Amino acid sequence: MTRPSAQARYMAGMVVDATGSGMYLPLSLLFFHHVTGLPIERVGVIMTAAALFSLVGNPIAGVLVDRFGARAVVVGGYLVRAVGFAAYPLVDSPLTMFLAVALVALGDGSYPPSIQSFVAAIARGADRDRLLAAQRSLRNAGLGAGGLIAGAALGLGSDAAYRVIVLVSAVAFAGAALILRTIPVPGGAGTSGRDRTAPREAAARRSGGYRLVLRDRTFLALTLQNVPTAFGYMVLSVALPVYVTQELDVPASLVGVLYAVNTVGIALLQIPVTRRLIRYRRTRTVAAGAATFAVSFAAFALLAGVPARPVALAGVFAATALFTVGEMLHGAPLSALVSSAAPEETRGRYMAVYQFSWAIPITLAPAVLTALLSLSPVSMWLLLAAGVSCSALTMLRLEPRLPARAVHARTQEDPQDPRNTDDPRNPEETDDRREATATQKAGVD
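Small disclaimer: the values here were computed from a predicted structure and weren't measured. (Residues numbered from 1 in each chain as written. Predicted model: local features only at pLDDT ≥ 70, side-chain atom pairs only at ≥ 80, totals over all residues. Heavy atoms only, no water.)

## Focus: a nonpolar patch on the surface
1) Next: Taken together, the side chains of F53, V56, I60, L64, F68, V80, V83, L103 and L106 make up a nonpolar region of the molecular surface, amounting to roughly 680 Å² of accessible area.
2) Next: Only α4 (53–68), α5 (70–87) and α6 (94–122) provide two or more residues apiece to the nonpolar patch.
3) Next: Top contributing element to the nonpolar patch by residue count: α4, with five residues.
4) Next: Of note, F53 is situated in helix α4. (Patch = residues over 30% accessible without salt bridge, like charges linked within 9 Å, V, L, I, M, F, W, Y side chains within 5 Å. Areas by Shrake-Rupley, 256 points an atom, 1.4 Å probe, with all protein chains shown as cover. Salt bridge = Lys/Arg side-chain N within 4 Å of Asp/Glu carboxyl O. Helix = DSSP H or I, 4+ residues; strand = E, 2+ residues; numbered from the N terminus.)

If you want it as structure tokens, here you go:
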């Protein structure tokens, strides 16, 4: 019997992970409310405080990825979360709840930089784009399936169902760890082609620490341009439900339908869309996605002035569909672009720094977006549209300064390939790499 390919095993792990996550995410607050008897508001405060540990797990994971390899950190993070979820049924006080959620948050924080580095290690060029597209598609399907399973379990009306759900989620994370542990990584843990051919240079890179990333102005600009778009991603779960129900007088029952338009659309269309986008520059595709977000947000703003309810309803669905198109254009190509722009030997730390462009907006979005909604809903949408438009323009400005392997999906990621070295026609990008190299050498010499 033929053993499944590495990418098939990776996708199997993602489905198991997403199904377990989908079972728990819809009832996270309700679980601790039922288990501890604490008021829902206090549960929310404790969970938010503990979730801040994810910001600590992120930079730690970046260092561990560069030292021990992405696969080891991904597997370790899954196991940490499995232990945390297994401890949830034992929670009997605010303190034990805080400790259990903080443990899971540490695992959550380690996930983005390690999984992006892992994908970069097992897939290159256009294969990376295809794998990331398949991941987004199957994860959406897995999250949806997990949510349906959780809903059916809770429909039984038994408090034991809550405990069963979190234990099944713990088993899912442990299962994902076991599956991904079997995937071979080219060059072995913590090594790459450059490690073997130029050990001194590889050691210099790793010793540079986060100073190396902070001296790379091109990568920092790539990271910062993502902040407005990351806020834009949060509207579906934070701002849109409030806006359509309170400002547009849309029935609350339709909020779930709008969410389904997004998740089902990505699950069904992300792979064929990405297959057609591979021929284009990643920077152009990402910019087009951000521009589509801007059009979607402008459409939501215009709906505030539409008096006819049927027209407003149709407009809400059309704007949500536009948002979904923007997400398909933007998400997978950006992930592939960023991981390809980072040097192999310090990819973990580069990905950790980049992840802050998501982590900070995700943390602040509930407070910022609801505050903007209370001040002026229309202004909120127009401000978001202006922000993602700036992201699109910045991405196009960065294109000449990025390595060819990051811009073009079909460029071979070979460190010796002259297309992937500093280009004298782009002096600013060359200066960034020279400064980074000086930092590396100082760390060794």
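## Examining the pattern of salt bridges
1) Next: Counted under the stated rule, the structure contains eight salt bridges.
2) Next: Ionic pairing is found between R349 and D66, a salt bridge with its closest N-O pair at 2.7 Å. Of this pair, R349 sits in helix α18 (residues 347–375) while D66 sits in helix α4, placing them 283 residues apart in sequence. Accessibility classification places R349 together with D66 in one group, the buried group. (Buried < 20%, exposed > 50% of the residue type's maximum accessible area, 1.4 Å probe, protein only.)

## Regarding the packing of aromatic side chains
1) Next: Under the counting rule described, the total for this entry stands at 16 aromatic pairs.
2) Next: Look at F53 and F98: their rings are 5.9 Å apart centre to centre, the planes differ by 75°, and that puts the pair in the edge-to-face class. Residue F53 is located in helix α4, and its partner F98 is located in helix α6; the two are separated by 45 residues in the primary sequence.
3) Next: When its relative accessible area of 26% is taken as the criterion, F98 is described as partly exposed.
4) Next: Aromatic ring contacts, followed pair by pair, group Y233, Y243, F293, F297, F300, F323, W358 and W381 into a single cluster. (Phe/Tyr/Trp six-rings, centres within 6.5 Å; stacked < 30°, edge-to-face > 60°.)

## A word on the packing of helix α1 (residues 6–24) against α6
1) Next: It is at 11 Å that the axes of α1 and α6 come closest, and there the two elements cross at 160°. Between α1 and α6, the angle is such that the two are roughly antiparallel. Crossing of α1 over α6 shows left-handed handedness. Contacts between α1 and α6 involve Q7, Y10, M14 and D17 from the first element and Y111, I115, F118, V119 and I122 from the second. (Axes fitted to C-alpha atoms, helices over the stretch in contact; angles between N-to-C directions. Parallel < 35°, antiparallel > 145°, perpendicular 65-115°, else oblique. Left-handed = near helix turned anticlockwise from the far one by under 90°. Contact = heavy atoms within 4.5 Å.)

## Points about a positive patch on the surface
1) Next: A surface patch of positive charge is lined by R275, R276, R279 and R410.
2) Next: Within the secondary structure, R410 is located in the loop between α20 (404–407) and α21 (427–444). (Lys, Arg positive; Asp, Glu negative; His and termini not counted. Charge placed at Lys NZ, Arg CZ, Asp CG, Glu CD.)

## Comments concerning the side chain of Q225
1) Next: Looking at the element boundaries, Q225 is found in the loop between α12 (217–224) and α13 (226–233).
2) Next: Accessibility expressed as a relative area gives 5% for Q225, which makes it buried.
3) Next: At 3.0 Å, the side chain of Q225 and the backbone oxygen of L222 are in polar contact.
4) Next: Ignoring anything within four residues of it in the chain, the contact list for Q225 reads L334, S391, T394, M395 and L398. (Polar contact = N/O pair within 3.5 Å; in protein donor to acceptor, adjacent residues only side chain to side chain.)

## Points about the nonpolar core
1) Next: Counting 51 residues, the largest nonpolar core has F219, L222, F297, L369 and W381 as the members making the most contacts within it.
2) Next: Among the elements that line this core, the one with the most residues is α18, at eight residues.
3) Next: Not counting the four nearest positions on each side in its chain, F297 is found in contact with G232, V235, F323, W381, L384, A385 and V388.
4) Next: Membership of the second largest hydrophobic core comes to 50 residues, among which are I46, F85, A102 and A123. (Core = buried A, V, L, I, M, F, W, Y, C linked by side-chain atoms within 4.5 Å.)

## Side note on α13
1) Next: Here α13 lies mainly inside the structure; six of its eight residues are buried.
2) Next: Taken residue by residue, α13 has N226, T229, A230, F231, G232 and Y233 as its buried positions.

## Overview of the environment of V185
1) Next: Its place among the elements puts V185 in the loop between α8 (160–181) and α9 (193–197).
2) Next: What makes V185 buried here is its relative accessible area of 18%.
3) Next: Along the backbone, V185 and A123 are 62 residues apart, and their C-alpha atoms lie at a distance of 9.6 Å.
4) Next: The contacts of V185, once residues within four sequence positions are left out, are R71, F118 and A121.

## A short note on the packing of α18 against helix α19 (residues 377–398)
1) Next: Between α18 and α19, the shortest axis-to-axis distance is 5 Å and the interhelical angle comes to 130°. Between α18 and α19, the angle falls in the class oblique. Contacts from L369, L372, L373 and L375 of α18 reach α19 at P377, M380, L383 and L384.

## Here we look at the side chain of T229
1) Next: Residue placement: T229 occurs in helix α13.
2) Next: Discounting chain neighbours no more than four positions away, the residues touching T229 are F293, H330, V388 and S391.

Keep in mind these values describe shape, not function.
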